[in-house]
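# What the coordinates show
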Amino acid sequence: MTVTRDGRLTALQFPAVCEVDDDCPRVVLQAPSVDDLNPGTRDLRFGVTLRMQPSQTSKGSNVLQKGWSVTGAQYKLQVDGYEGRPSCVLVGEDPTIWALLGPRSVADGTWHSVDCARRGGDLTVTVDGSQVASSRVPANLSIDTDQPLRFGGKGPGARNDQFFGDLANAYVIIDRP
């Protein structure tokens, strides 16, 4: 389903919240795995513009994800918990999970731009143009995975951490050597 303005596509609308996971509708958009989406140790930015109602939160809503945290490298933007707080996750070849949680909810029914950035050894979360959280990560953290880039969930199966809400303006920017 889409959100339109004057007949033009402006956003993707994901399924409504569903309580019985095995029978819930799921939508995951997937791009093929290409080397250009693997940053290695280079600087990386990824994000979206999203809109969620407070009633659309869950334990974890995957917004943008490439890779898996338990079987290789990963970068991910998620809306965490019923509080609806944005988080950025990085995982390198070492299975340590580097997660940074924003302090405030983005699940308030209005549009928010949410950006995750890794610059050298700094990981930041930016909401609506203002940096809201930062932490240190290893500067040599290398992210390289053959998994596809996905939007809206970690995969098509049950318990996929489905995103409920609207997404627009998704991007991944990797600095070139």
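As a reminder, the structure under discussion sits directly above these lines.
Computed from a predicted model, the values in this text were never measured in an experiment.

Once that is clear, we can look at the overall build of the protein chain. Within the protein chain, the secondary structure is distributed over zero helices and 13 strands. Starting at the N terminus, the α and β elements of the protein chain follow one another as β-β-β-β-β-β-β-β-β-β-β-β-β. Viewed in the frame of its principal axes, the protein chain has a C-alpha envelope of about 40 × 35 × 30 Å. Burial statistics for the protein chain: of 177 residues in total, 46% are counted as buried. Long-range pairs, those at least 24 residues apart, make up 64% of the contacts in the protein chain with a sequence separation of at least 6.

A word on unusual backbone geometry. Located in the positive-phi region is Asp128, a residue other than glycine, with phi close to 50°. Structurally, the position occupied by Asp128 is in the loop between strand 10 (122–127) and strand 11 (130–136).

Moving on: the sheet that holds strand 3 (residues 29–31). Read across the open sheet, the six strands follow the order 3-12-5-6-7-8; overall the sheet is antiparallel. On the outer flanks of this sheet lie strand 3 and strand 8 (97–101), each paired with one strand and no other. Strand-to-strand twist in this sheet, taken as the mean axis angle between neighbours without regard to direction, amounts to 15°. Note that strand 7 (residues 85–91) and strand 8 share five bridges and pair antiparallel. The residue of strand 8 that forms the bridge with Ser87 is Leu101.

The biggest cluster of nonpolar side chains holds 32 residues, and the ones touching the most others in it are Phe46, Leu50, Val63, Leu64, Tyr75, Leu77 and Leu90. Not counting chain neighbours up to four residues away, the residues in contact with Leu90 comprise Leu44, Phe46, Gln74, Tyr75, Thr96, Ile97, Trp98, Arg118, Leu123, Val137, Leu141 and Ile143.

Turning next to the pairing of strand 5 (residues 60–67). Within strand 5, eight of the eight residues are buried, which leaves the element mostly enclosed by the surrounding structure. Where strand 5 and strand 6 (residues 74–80) come together, seven bridges link them in antiparallel fashion. Residue Asn62 lies in a different strand from strand 6, and its bridge partner there is Gln78. Joining the antiparallel neighbours strand 5 and strand 6 is a turn of six residues, in which Gly72 adopts a positive phi near 140°.

Before going further, it helps to examine the side chain of Ser58. By secondary structure assignment, the location of Ser58 is in the loop between strand 4 (44–51) and strand 5. Ignoring sequence-local partners within four residues, the contact set of Ser58 consists of Asp80, Gly81, Tyr82, Gln162 and Phe164.

Attention shifts here to the packing of aromatic side chains. Evaluated as defined, the whole model comprises one aromatic pair. When the ring of Phe46 is compared with that of Tyr75, the centres are 5.1 Å apart and the planes differ by 45°; the resulting orientation is tilted. Here Phe46, found in strand 4, pairs with Tyr75, found in strand 6; they are 29 residues apart in sequence, far enough to count as distant. The residues Phe46 and Tyr75 share a single accessibility class, namely buried.

Before going further, it helps to spend a moment on the environment of Ser58. Judged by its relative accessible area of 13%, Ser58 is buried. Here the alpha-carbon distance between Ser58 and Gly81, two residues 23 residues apart in the chain, equals 5.5 Å.

Time to look at the environment of Gly109. Structurally, Gly109 is set in the loop between strand 8 and strand 9 (111–119). C-alpha of Gly109 to C-alpha of Met52: the two residues are 57 residues apart in sequence and 5.2 Å apart in space.

Calculation criteria
- Residues numbered from 1 in each chain as written.
- Predicted model: local features only at pLDDT ≥ 70, side-chain atom pairs only at ≥ 80, totals over all residues.
- Heavy atoms only, no water.
- Helix = DSSP H or I, 4+ residues; strand = E, 2+ residues; numbered from the N terminus.
- Buried < 20%, exposed > 50% of the residue type's maximum accessible area, 1.4 Å probe, protein only.
- Contact = heavy atoms within 4.5 Å.
- Pairing = 2+ DSSP bridges.
- Axes fitted to C-alpha atoms, helices over the stretch in contact; angles between N-to-C directions.
- Core = buried A, V, L, I, M, F, W, Y, C linked by side-chain atoms within 4.5 Å.
- Phe/Tyr/Trp six-rings, centres within 6.5 Å; stacked < 30°, edge-to-face > 60°.

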